[in-house]
Amino acid sequence: MNSRDSVKTGMPKLTPPEKPAALNLCLQWRAIPGEEMDQKLDFLEANGFAAVEIPSGQWLFDEGDRLKDAMAGRKLFIATACGPSDFSYVEAEKREAEVAKFLPQLEVLGGLKSVGLIICPARKNPGLPFPELREDFVTNTGKRLAEHAAKHGTRIVLEPLQRAETKFLRQVADGATMARDIGPGCTVMGDFWHMSKEETSFMGAFVSAGKRLSHVHVASLTNRKVPGVDGPADNYVDGFQGLKLIGYRGAVSLEGGFPEGADRTELILNMAKLLREQWATA
Ligand code: MG
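These numbers come from a predicted model, not from an experiment.

Considerations on the coordination of the magnesium ion
Part 1 of the argument: The magnesium ion binds to the protein through Glu 159 (OE), Asp 191 (OD), His 217 (ND1) and Glu 255 (OE); the donor distances cover 2.0 to 2.3 Å.
Part 2 of the argument: Of note, the magnesium ion draws all its donor residues from one chain, in the sequence arrangement E-x31-D-x25-H-x37-E. Taken as a pair, Asp 191 in strand β6 (residues 186-191) and His 217 in strand β7 (residues 213-218) lie far apart in primary sequence, 26 residues in all.

Digging into a nonpolar patch on the surface
Part 1 of the argument: Together, Leu 14, Val 207 and Leu 245 line one region of the surface with nonpolar side chains, adding up to about 260 Å² of accessible area.
Part 2 of the argument: Along the polypeptide, Leu 14 turns up in the loop between α1 (3-9) and β1 (24-28).

Focus: unusual backbone geometry
Part 1 of the argument: One non-glycine residue, Lys 113, lies in the positive phi region at around 55°.
Part 2 of the argument: Positionally, Lys 113 belongs in the loop between α4 (92-111) and β4 (116-119).
Part 3 of the argument: Of the residues examined, Lys 113 reaches a relative accessible area of 71% and is grouped as exposed.
Part 4 of the argument: Here Lys 124, not a glycine, exhibits a phi torsion of approximately 45°, which is positive.

A short note on the sheet that holds strand β2 (residues 51-55)
Part 1 of the argument: Pairing is parallel in the closed barrel, where 8 strands are placed in the order β1-β2-β3-β4-β5-β6-β7-β8. Taking each pair of neighbouring strands and ignoring which way they run, the sheet shows an average axis angle of 30°.
Part 2 of the argument: Two elements, β1 and β2, share 3 bridges in a ladder whose sense is parallel. Across the sheet, residue Leu 27 finds its bridge partner in β2, namely Val 52.
Part 3 of the argument: Where helix α5 (residues 130-151) meets the sheet, its contacts fall on β4, β5 (156-158) and β6, and the angle it forms with β5 comes to roughly 135°.

Definitions and cut-offs
Residues numbered from 1 in each chain as written. Predicted model: local features only at pLDDT ≥ 70, side-chain atom pairs only at ≥ 80, totals over all residues. Heavy atoms only, no water. Donors = N, O, S within 2.8 Å, 3.2 Å for Na, K, Ca; no water. Helix = DSSP H or I, 4+ residues; strand = E, 2+ residues; numbered from the N terminus. Patch = residues over 30% accessible without salt bridge, like charges linked within 9 Å, V, L, I, M, F, W, Y side chains within 5 Å. Areas by Shrake-Rupley, 256 points an atom, 1.4 Å probe, with all protein chains shown as cover. Salt bridge = Lys/Arg side-chain N within 4 Å of Asp/Glu carboxyl O. Buried < 20%, exposed > 50% of the residue type's maximum accessible area, 1.4 Å probe, protein only. Pairing = 2+ DSSP bridges. Axes fitted to C-alpha atoms, helices over the stretch in contact; angles between N-to-C directions. Contact = heavy atoms within 4.5 Å.

Now the structure itself:
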């Protein structure tokens, strides 16, 4: 429809993304069936997964070189590295230690061509008051990490949580605004589980993030387990519509548990089928 038609119908005219969105399914390292590194990567490739999410911290230094070799010639990409972080300490030297801890990890991630390092700026009740924490994160701690990430070819990825876990960053649009304020090297992600508690619309939240969205976590929406185990609650179609609107081509990565005694492989394959069907519907 042309713009005159859109005025007539009262509906907005949307510009399709330059490249269409793609569903790139991903698993976190510990959830992938298999003991050895190659077994895990083989499982992902054999079952149509496109990406792998790895631990942050010491694991990167212990396993990074081996992973780089094991990834050679594969179709997989390394999505994010995930682990704890906190930049809300009252004491400046503790915030500084947190920055110092992550700088060398970003260098390893850059070498692995990883999408980036997931960062939660604050947990629980932050030590610093909100305005001070935001300012310090956007102009100092987060800014320096983002600049270092960009220099090494990767990014930091801000993760909004839910209010029980942090009161500081709960919504994707807020994270996207911080990413905009920080500038190059900073992006945001959306976790369907947290979003189900904090957002009014999965689609709206993803559209707010736009090109700054670099990663997505997914879980079942009643019990935070593998998608599919919570029946009709596990509906991601509205969110996937948002991802399609913004031309999202990053990973959609399982971050959730497994029912006790369950066949993990069977549930993972069931999840992949469910998410592919819902992506096609979206
Ligand atoms: Mg998450």
